[in-house]
Amino acid sequence: MKALVYHGPGKKALEDRPMPEIAAPTDAAVKIVKTTICGTDLHILKGDVPTCAPGRILGHEGIGVVDKIGTAVTAFHVGDRVIVSCISSCGKCDYCRRGMYSHCVNGGWILGNKIDGTQAEFVCIPFADTSLYHIPAGADEDALVMLSDILPTGFECGVLNGKVQPGSTIAIVGAGPIGLAALLTAHFYSPAEIIMVDLDDNRLQMSSRFGATAIINNKDGKGVEKIMEMTGGRGVDTAIEAVGMPASFITCQDIVAPGGIIANIGVHGVKADLHLERLWDRNIAITTRLVDTVTTPMLLKTVQSHRIDPKQLITHHFKLDKIMDAYDTFGAAAKTNALKVLIEA
Ligand SMILES: NC(=O)c1ccc[n+]([C@@H]2O[C@H](COP(=O)([O-])OP(=O)(O)OC[C@H]3O[C@@H](n4cnc5c(N)ncnc54)[C@H](O)[C@@H]3O)[C@@H](O)[C@H]2O)c1
Ligand SMILES: [Zn+2]
Ligand SMILES: [Zn+2]
């Protein structure tokens, strides 16, 4: 089968690889129908994710059809159409029992990281009963690819951890797919103001279409000043960090209001400063989270009922044999205006 293989920092190739085997009775093999590329895949390719070893098939998002099941799989059958969660969860360990699937001692974020991923014709999913989700008949499958990772990530790590409230003022720093997923799902809680910050005008214009009440291009470095002016010198109740760089984490520290929350989503590859000398007396909280995907079934219902339309995030379509082009397009988003690139296997 064809697969996109990581070969160390800066190196990847589309190769022929053997079909995945069912190794444990709880595994299922899934024939991938659609997959996509995540900002985190770019972090892996930069060498930011040391757990991902050369030789690994990348990808942790996608939908597909169950092709084979292990003898212990009971919730899925061959032929079922499924959403693959980016998090594999055994459902039995202490963390899983607490809904913290991301820290499952037998799974967690292993797909396209510690085990082979979804940017291939087939993938083996461990703990299939608790790591796959049924696709309802007649669903728009393109939209559902966004449920593997970005929607639960924006919602859980940004909106839920950031305790977005009716009438509150929030800022989302980073208007990439994850920041936009946080924006889409923040609307569930009716915040009064949603300020989007990025360096890319196209992404900011997209944010306005998705219901941001203000957009700020921080290229001139005046973003903090502008947000403080907009909020009467108070700052924001929730500052969502959706970039993964020291500069954007600093922005969040500069704009958080007393009593507010900084909800970090970004994957950070290098040390970021925490200005406790300015924040110690401001009654703030900082949260971090690896997405648990515990809200996937709820989010699926909101997509099915058209409360949110994550399909708007898809800007480009490719076939699997053109996945190298898909990476080029996604990696040069400032030039290509790419958000999510959909790859058909
Ligand atoms: N916590 C999790 O479980 C989890 C899951 C998935 C992705 N992530 C991470 O979330 C982050 C965002 O993902 P994405 O796919 O949207 O990435 P992305 O790279 O597409 O988007 C980041 C955006 O930030 C903007 N940006 C860069 N520097 C900035 C700055 N100083 N101020 C404001 N904006 C700035 C860029 O222009 C870009 O639009 C990544 O770090 C990704 O790895 C985390
Ligand atoms: Zn991801
Ligand atoms: Zn577990």
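Structure: above.
The rules we used
- Positions within a chain are numbered from 1, following the residues in the order the chain's sequence is written.
- Lettering for chains starts from A, numbering for ligands starts from 1, and both go in the order in which the items are written.
- Since the coordinates come from a predicted model, pLDDT governs what is reported: local features require at least 70, and pairs of side-chain atoms require 80 or more to be given and counted, while whole-chain, interface and lining totals use all residues.
- To obtain the side-chain values, all non-hydrogen atoms of the structure were included, while hydrogens and water were left out.
- A donor here means any N, O or S atom no more than 2.8 Å from the metal (3.2 Å for Na, K and Ca); water is not included, so a site may seem to lack partners.
- Every angle between 85 and 135 degrees makes a four-donor site tetrahedral, while opposite donors more than 155 degrees apart, with all other angles between 65 and 115, make a four-donor site square planar and a six-donor site octahedral; other sites are irregular.
- A helix here means a DSSP run of H or I that spans at least four residues, while a strand means a run of E at least two residues long, and both kinds are numbered starting from the N terminus.
- Classification of residues uses two cut-offs on accessible area relative to the type maximum, computed with a 1.4 Å probe and protein chains only: under 20% is buried, over 50% is exposed, and between them is partly exposed.
- Criterion for a salt bridge: a side-chain nitrogen of Lys or Arg within 4 Å of a carboxyl oxygen of Asp or Glu.
- Any two strands are treated as partners once DSSP identifies two or more bridges connecting them.
- All axes here are fitted lines through C-alpha atoms, helices being fitted over the stretch that makes contact, and every angle between N-to-C directions spans 0 to 180 degrees.
- Residue contacts follow a heavy-atom distance rule, with two residues in contact if any of their heavy atoms lie within 4.5 Å.

Novice: Sorry, what's going on with the coordination of the zinc ion (ligand 3) here?
Specialist: Under perfect tetrahedral coordination by four donors, a metal shows angles of 109.5 degrees; under perfect octahedral coordination by six donors, it shows angles of 90 or 180 degrees. Every protein donor of the zinc ion (ligand 3) is accounted for by C90 (SG), C93 (SG), C96 (SG) and C104 (SG), and the metal-donor separations fall at 2.3 to 2.4 Å. Around the zinc ion (ligand 3), the 4 donor atoms sit at angles spanning 101 to 119°, and that spread fits a shape best called tetrahedral. Of note, the donors binding the zinc ion (ligand 3) are all from one chain and are spaced C-x2-C-x2-C-x7-C. In this pair, C90 sits in the loop between β5 (81-84) and α2 (94-97) while C104 sits in the loop between α2 and β6 (122-125), placing the two residues 14 residues apart along the sequence. With relative accessibility at 11%, the residue C90 sits in the buried group. The buried category is assigned to C104, whose relative accessible area is 5%.

Novice: Whenever I open this one, the coordination of the zinc ion (ligand 2) confuses me. Can you help?
Specialist: Those protein atoms acting as donors to the zinc ion (ligand 2) are C38 (SG), H60 (NE2) and D149 (OD), and they sit at 1.7 to 2.2 Å. Look at where the donors of the zinc ion (ligand 2) fall in the sequence and you get C-x21-H-x88-D. One end of the pair, H60, is in the loop between α1 (39-46) and β4 (62-69); the other, D149, is in the loop between α4 (141-145) and α5 (150-160), with 89 residues separating them in the sequence. An identical accessibility class is assigned to H60 and D149; each is buried.

Novice: Just to check I follow, could you spell out the pattern of salt bridges for this structure?
Specialist: Any two side chains of opposite charge can pair if their charged atoms end up close together. Across all of its chains, the model carries 16 salt bridges by this definition. For the salt bridge of K46 with D48, the shortest nitrogen-to-oxygen distance reads 4.0 Å. We classify K46 as exposed; its relative accessible area is 56%. The salt bridge partner of D140 is K311, with a shortest N-O separation of 3.1 Å. Placement of D140 in the loop between β7 (132-134) and α4 and of K311 in the loop between α11 (296-304) and β14 (314-319) is noted, with a sequence separation of 171 residues between them. Looking at D140, the relative accessible area reads 34%, which means it is partly exposed.

Novice: Sorry, what's going on with the sheet that holds strand β9 (residues 193-198) here?
Specialist: Hydrogen bonds between backbone groups are what pair the strands of a sheet, and the pairing can be parallel or antiparallel. The 6 strands lie next to each other as β10-β9-β8-β11-β12-β13, forming an open sheet whose pairing is parallel. One side of each edge strand has no neighbouring strand; the edge strands of this open sheet are β10 (214-217) and β13 (285-288). Taking the axes of each pair of neighbouring strands and ignoring which way they run, one obtains an average angle of 15° across the sheet. Bridging between β9 and β10 involves 4 bridges; their strand directions are parallel. By the bridge assignment, M196 is partnered in β10 with I215. Contacts between helix α6 (residues 177-186) and the sheet are confined to β8 (169-173), β9 and β11 (236-241), with β9 contributing the most and set at about 175° to the helix. Strands β9 and β10 of the sheet are contacted by helix α7 (residues 201-209), whose axis makes an angle of about 175° with β10.

Any link to function would need more than the numbers given here.
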